[in-house]
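Listed here are the chains, written in short residue letters.
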Amino acid sequence: AQSVTQLDSHVSVSEGTPVLLRCNYSSSYSPSLFWYVQHPNKGLQLLLKYTSAATLVKGINGFEAEFKKSETSFHLTKPSAHMSDAAEYFCVVSEGRSSGSARQLTFGSGTQLTVLP
Amino acid sequence: NAGVTQTPKFRILKIGQSMTLQCTQDMNHNYMYWYRQDPGMGLKLIYYSVGAGITDKGEVPNGYNVSRSTTEDFPLRLELAAPSQTSVYFCASRTGSGNTGELFFGEGSRLTVL
């Protein structure tokens, strides 16, 4: 079975300061991990994904995440927040099984990022 | 390239009414999903499909039905609408098998049941 926990439901940062959104996962198989962003009244957009290649993954808009198997974490970071980064962010895990993989996508409950001027 | 298209974007239903949320994708994806999103609850899987003619239940299927007659279309039917079905519904698609493909989402359908 798989699960994902986003450790903070809300994060506030000042514009120009670093962003850290935390995600821990549990998976019985080699997982793929994704971060999605959702702006108000919009659908979800892929920021980045990890699929067992490089452990440091770079995404769009300056975001990156590091897969740490020993810590079962996949935290999302950005060196300098911008006002346009204010949104909800979801961490998603997908187990690496050959069967049932269509169903094996689990979403975290989301982290609301507020960027203060 | 339209991606995943959902209609309608907004709808208000009365208790007991029925309706269908439409979802179409033009990426030739085999896998399609319906999720509902409630405030602070993340996304919950309602139904999914791995190809035309094949559907299966997700976490929260009660009160919903789906069909998949073509690769492109995956409509979600709400029978006898209840206030508990007030939510935002997202359709998504994904390529191929395995676990590495990302989901592509529609813009969402906001449903209110009064």
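These remarks concern the structure in this document. (Residues numbered from 1 in each chain as written. Chains lettered and ligands numbered in written order. Predicted model: local features only at pLDDT ≥ 70, side-chain atom pairs only at ≥ 80, totals over all residues. Heavy atoms only, no water.)

Quick notes on the overall build of chain A
Quick reminder of the rule: To qualify as a helix, a DSSP run of H or I must reach at least 4 residues; to qualify as a strand, a run of E must reach at least 2; elements of each kind are numbered from the N terminus. As defined in this context, the radius of gyration uses C-alpha atoms, and a globule is described by 2.2 Å times the residue total to the power 0.38. Note on exposure labels: buried denotes an accessible area under 20% of the residue type's maximum, exposed denotes more than 50%, and partly exposed covers the range between, all computed with a 1.4 Å probe on protein chains only. To be clear on the numbers: accessible area is Shrake-Rupley with a 1.4 Å probe, and residue cover counts the displayed protein chains and nothing else. Under the convention used here, Asp and Glu are negative, Lys and Arg are positive, and both His and the chain ends fall outside the count. Here the site of a charge means atom NZ of a Lys, CZ of an Arg, CG of an Asp or CD of a Glu.
When helices and strands are counted, chain A shows zero helices and twelve strands. Listing every helix and strand of chain A by position from the N terminus yields β-β-β-β-β-β-β-β-β-β-β-β. In terms of overall size, chain A behaves like a compact globule, its C-alpha atoms giving a radius of gyration of 14 Å where 117 residues would be expected to give roughly 13 Å. Principal-axis analysis of the C-alpha atoms places the extent of chain A at approximately 45 × 30 × 20 Å. For chain A, the residues scored as buried account for 44% of the 117 residues in total. Put simply, chain A shows about 5500 Å² of open surface, and 50% of that area lies on carbon and sulfur atoms. Side-chain charges of chain A comprise 9 positive and 8 negative groups, with the mean position of each set lying 8 Å from the other.

Quick word on the pairing of strand β5 (residues 32-38) of chain A
Looking down a regular strand, the side chains alternate between one sheet face and the other. Residues and elements named next belong to chain A. Threshold: At least two bridges found by DSSP between two strands are what make those strands a pair.
Within β5, seven of the seven residues are buried, which leaves it mostly tucked inside the rest of the structure. Burial along β5 is two-sided: the face carrying Ser32, Phe34, Tyr36 and Gln38 and the face carrying Leu33, Trp35 and Val37 are both buried. Taken together, the seven bridges between β5 and strand β10 (residues 87-94) define a ladder with antiparallel strand orientation. Of the residues in β10, the one forming a bridge with Phe34 is Val92. Of the pairings in the sheet, the one linking β5 to strand β6 (residues 44-50) comprises six bridges and is antiparallel in character. Looking at β6, one finds that Leu33 is bridged to Tyr50. Connecting β5 to the antiparallel partner β6 that follows it, the hairpin turn spans five residues, and Asn41 within it adopts a positive phi of roughly 60°.

A word on the pairing of strand β9 (residues 73-78) of chain A
Residues and elements named next belong to chain A. Sheet analysis places strand β3 (residues 19-21) next to β9, joined by three bridges and oriented antiparallel. The residue of β9 that forms the bridge with Val19 is Lys78. In this sheet, β9 lies alongside strand β8 (residues 64-68) in antiparallel orientation, the contact comprising five bridges. In the sheet register, Glu64 faces β9, and the bridge partner there is Thr77.

Section: the environment of Lys58 of chain A
Residue and element names in this part refer to chain A. Our working rule: Nitrogen and oxygen atoms within 3.5 Å of one another constitute a polar contact, given that in protein one can donate a hydrogen and the other can accept it, and given that sequence-neighbouring residues count only through two side-chain atoms.
For Lys58, the position within the fold is in strand β7 (residues 56-58). Lys58 sits eleven residues away from Leu47 along the chain, and the two C-alpha atoms are 8.7 Å apart. A polar contact is formed between the side chain of Lys58 and the side chain of Glu64, at a distance of 2.8 Å.

Overview of the interface of chain A and chain B
For clarity, the cut-off: Only heavy atoms enter the contact rule, under which two residues are in contact if any of them lie within 4.5 Å. Throughout, buried area stands for the accessible area (probe radius 1.4 Å) lost by two parts on being put together, summed over both. When a carboxyl oxygen of Asp or Glu is within 4 Å of a side-chain nitrogen of Lys or Arg, the pair counts as a salt bridge.
The interface of chain A with chain B comprises 24 residues on the first partner and 25 residues on the second. Across the chain A to chain B interface the summed buried area is about 1900 Å²; carbon plus sulfur atoms make up 53%. Across the contact surface, chain A and chain B share two salt bridges. Between Lys49 of chain A and Glu102 of chain B there is a salt bridge, with the nearest N and O atoms lying 2.7 Å from each other. Between chain A and chain B we count five residue pairs in polar contact (both at pLDDT 80 or more) in total. It is β5 of chain A that provides the largest number of residues to the side of chain A that touches chain B, a total of four residues.

Comments concerning the environment of Val11 of chain A
Residue and element names in this part refer to chain A. Tracing the chain through its elements places Val11 in strand β2 (residues 10-14). Each C-alpha atom of the pair Val11 and Thr114 lies 6.2 Å from the other, and the pair is 103 residues apart in sequence. Not counting residues within four places of it along the chain, the set of residues in contact with Val11 comprises Leu20, Leu21, Thr111, Gln112, Leu113 and Thr114.

Quick word on the nonpolar core
Using the following cut-off: For our purposes a nonpolar core is just a set of buried Ala, Val, Leu, Ile, Met, Phe, Trp, Tyr and Cys residues, chained together by side-chain atoms within 4.5 Å.
In terms of nonpolar packing, the biggest core is built from 26 residues, with Trp35, Leu48, Phe74, Leu76 and Tyr89 of chain A touching the most fellow members. Top contributing element to this core by residue count: β10 of chain A, with four residues. Membership of the second largest hydrophobic core comes to 19 residues, among which are Leu13, Met32, Val66 and Phe74 of chain B.

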